[in-house]
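# Fold and geometry: a report
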Amino acid sequence: MPITLYHDVPSTNCDRVKIVLAEKGLPWDGIWVKLAKMEQKRPEHLQLNPYGKIPVLIEDGKVLFESCIINEYLDEKYPDPPLQPKDPYMRARGRILVDYFLNYLHEPYWTLRGEMIKKNPDERDTKLIAESQKEIAGRLQYLEEALGDNLFFLDDYSLTDIAMLPRFPRLQQYGVLPSAALPRLGAWFERMKQRPAVQTVL
Ligand SMILES: N[C@@H](CCC(=O)N[C@@H](CS)C(=O)NCC(=O)O)C(=O)O
């Protein structure tokens, strides 16, 4: 049975799932959930995802939400090509890096995003923007070191790279990247952009 994805554009959380679907060559039908119209809060959507968010993926009548959990499901159900390391520690390490990136960067990222998308250029708080950019870049230093000299976070390309990628174009757009202090993350981002599956969401 085909996969159905409830999604919108732009949506970094939906992009994360779309990259995995593309890597696996899995066809999917899309159902638009227009965030601008708050369709994600409609009762019929809340029945699928009580958080009132997208993405939601349905396969064979089974409903899944939370992008990283959906991606693990897809990788386990469709293991070719594999997108998780076999070693349990490495899997856990990948989840830790994603948790760090999404949760620990959350506050300064949303402060910066708020300034950039909700205000006209002449209304923006330039001091707050500079502080947020600095805070995010400082927190990214841990990931710069975690990447080290590897091509990808867990050596081989994996769900960890895919989970992080969708926010990188925005970090670039909002002036956090490129940064002389984060050369490895900059090179990783360029490497990620070469992948056809990633190009489907750029
Ligand atoms: N942790 C969730 C986050 C999902 C999320 O925040 N999705 C956004 C779109 S990118 C959304 O639905 N926002 C609307 C809202 O929060 O009302 C996931 O990874 O799927």
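Residues numbered from 1 in each chain as written. Predicted model: local features only at pLDDT ≥ 70, side-chain atom pairs only at ≥ 80, totals over all residues. Heavy atoms only, no water.

### Some remarks on the site of the ligand
In the vicinity of the ligand lie 13 residues, with Lys 41, Lys 53, Ile 54, Glu 66 and Ser 67 positioned nearest. The side chain of Lys 41 places a nitrogen or oxygen atom 2.8 Å from an oxygen atom of the ligand. Here the ligand, which alone exposes 510 Å², has 75% of that area covered by the protein. No other element matches helix H1 (residues 12–24), which puts three residues into the shell around the ligand. Of the residues assigned to the shell around the ligand, the class counts are three nonpolar, six polar and four charged. (Near = heavy atom within 4 Å. Polar contact = N/O pair within 3.5 Å; in protein donor to acceptor, adjacent residues only side chain to side chain. Areas by Shrake-Rupley, 256 points an atom, 1.4 Å probe, with all protein chains shown as cover. Helix = DSSP H or I, 4+ residues; strand = E, 2+ residues; numbered from the N terminus. Nonpolar A, V, L, I, M, F, W, Y, C, P; charged D, E, K, R; others polar.)

### Some details on the environment of Lys 24
Residue placement: Lys 24 occurs in helix H1. What Lys 24 contacts, discounting residues up to four positions off in sequence, is Leu 74, Asp 75, Tyr 78, Pro 79, Asp 80, Pro 81, Pro 82 and Leu 83. At 2.7 Å, the side chain of Lys 24 forms a polar contact with the backbone oxygen of Pro 81. (Contact = heavy atoms within 4.5 Å.)

### Looking at helix H3 (residues 67–77)
Along H3, the positions that sit buried rather than exposed are Ser 67, Ile 70, Asn 71, Tyr 73, Leu 74 and Asp 75. As for H3, its buried residues are in contact with strand S1 (3–7), H1, strand S3 (56–59), strand S4 (62–65) and helix H7 (159–164). (Buried < 20%, exposed > 50% of the residue type's maximum accessible area, 1.4 Å probe, protein only.)

### Some words on the pairing of S3
Each regular strand displays side chains that alternate between the two surfaces of the sheet. The alternating pattern of S3 places Val 56 and Ile 58 on one face and Leu 57 and Glu 59 on the opposite face, and all of these are buried. Across three bridges, the pairing between S1 and S3 is antiparallel. Looking across to S3, one finds that Thr 4 is bridged to Ile 58. As judged from the four bridges shared by S3 and S4, these two strands associate in the antiparallel manner. Considered in S4, the bridge of Leu 57 is made with Leu 64. In this antiparallel pair of consecutive strands, S3 and S4, the connection spans two residues, and Asp 60 shows a positive phi of 50 degrees. (Pairing = 2+ DSSP bridges.)

### Looking at the domain arrangement of the chain
We note that the domain assignment places domain 1 (3–77) and domain 2 (88–195) within the chain. In this structure, domain 1 and domain 2 have C-alpha centres spaced 23 Å apart. Each partner contributes residues to the interface: domain 1 has 12 residues there, and domain 2 has 13 residues. Taking both sides of the interface into account, the surface hidden between domain 1 and domain 2 amounts to around 1,100 Å²; carbon and sulfur atoms contribute 61%. (Domains from an automatic or database assignment. Buried area = accessible area lost by both parts, 1.4 Å probe.)

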